[in-house]
Amino acid sequence: MATHKVMVKVLSILFLFFGLQLAVASENTSSKILSETVNVMRSQYGMAHIEATSLYGLAYGNAYAQAQAQDHICILADGYLRNRGQRAEYLGPDRQLNDNAHVISDFGYRILDVYGRTQRHYSELSDDTQALAEGFAAGYNRFLAEVNLGHEKLGKECLDASWVMPIDAVDVVAGILSLGIQSSSGRFVPVFVQAHPGEQDEWRPSLVKNMVRNSWEMNLVQTDFSIPEHQ
């Protein structure tokens, strides 16, 4: 028990040393101004612990903490750019020389329309989900504002990059939904873009008749049954 108390005390000191308080102001659906203080505390291992009194504040602190880990902000920003289909606009057409990777990504994600579909159905989400999405977007944007003031820094991969820009709640939800297609539709993005079905019915599959007939002939077995009369 004594050891447990000592560890709690040590961790508390470490949390205070690495702690950050964020004053949060938000506007809810009833147009009332909400304010709270969100505590973002880090252990000696850099693990963020967030204290808030609302879902909005919790997501706000989570976004700020993730962005504050400078290697994450560039990954997050690129993901939002990808989902909007804007990589080529900001990064150029290629990831490597003449591979058109960013053009292919943009066309593919515009075909999938993850951002657009999220935008059209956003109002159908629960109040709690919207609070989390809006809080995360606000926390992310707060971090970018602190970067502009010189209080925080971007990671080296996106330092001074114009494509690191404010987001909205739709970006947050679309980013989560896009994770669900990374191992399914997302894998087929190059195929969607490069597909050339032709102008007629060339794309339709057809059976090879000879192969089908031979298959039947090889597997056809005739069996005679002798059924006794019912007594």
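See above for the structure.
Residues numbered from 1 in each chain as written. Predicted model: local features only at pLDDT ≥ 70, side-chain atom pairs only at ≥ 80, totals over all residues. Heavy atoms only, no water.

A.B. asks: I'm lost on unusual backbone geometry in this one. Help?
C.D. replies: Excluding glycine, residues mostly have negative phi values, and the peptide bonds linking residues are mostly trans. In this structure, Asp113 is a non-glycine residue whose phi angle is positive, near 55°. Relative to the helices and strands, Asp113 is located in the loop between helix 5 (101-112) and helix 6 (114-121). A positive phi angle is found at Asp160, which is not glycine, with a value near 65°. Turning to its location among the elements, Asp160 is positioned in the loop between helix 7 (127-148) and helix 8 (169-179). (Helix = DSSP H or I, 4+ residues; strand = E, 2+ residues; numbered from the N terminus.)

A.B. asks: Explanation requested: a nonpolar patch on the surface in the structure shown.
C.D. replies: On the surface, a cluster of nonpolar side chains totalling about 390 Å² of accessible area is made up of Ile111, Phe188, Val191 and Phe192. Counting through the fold element by element, Ile111 comes out in helix 5. (Patch = residues over 30% accessible without salt bridge, like charges linked within 9 Å, V, L, I, M, F, W, Y side chains within 5 Å. Areas by Shrake-Rupley, 256 points an atom, 1.4 Å probe, with all protein chains shown as cover. Salt bridge = Lys/Arg side-chain N within 4 Å of Asp/Glu carboxyl O.)

A.B. asks: Looking at this structure, I do not really get the pattern of salt bridges. What am I missing?
C.D. replies: Opposite charge on two side chains permits pairing when their charged atoms draw close. All chains considered together, the criterion is met by five salt bridges. With a shortest N-O distance of 3.7 Å, Arg84 and Asp168 are connected by a salt bridge. On the criterion of sequence distance, the pair formed by Arg84 in the loop between helix 3 (70-83) and helix 4 (87-91) and Asp168 in the loop between helix 7 and helix 8 is long-range, its members being 84 residues apart. When its relative accessible area of 30% is taken as the criterion, Asp168 is described as partly exposed. Where Arg142 meets Glu146, a salt bridge forms, and the shortest distance between an N and an O atom there is 3.1 Å. In this pair, Arg142 and Glu146 both sit in helix 7, four residues apart, roughly one turn of the helix. On the basis of relative accessibility, which here comes to 23%, the residue Arg142 falls in the partly exposed class. Glu146 gets classed as buried once you look at its relative accessible area, which sits at 13%. (Buried < 20%, exposed > 50% of the residue type's maximum accessible area, 1.4 Å probe, protein only.)

Fair warning: the whole summary comes from geometry, so function is off the table for now.
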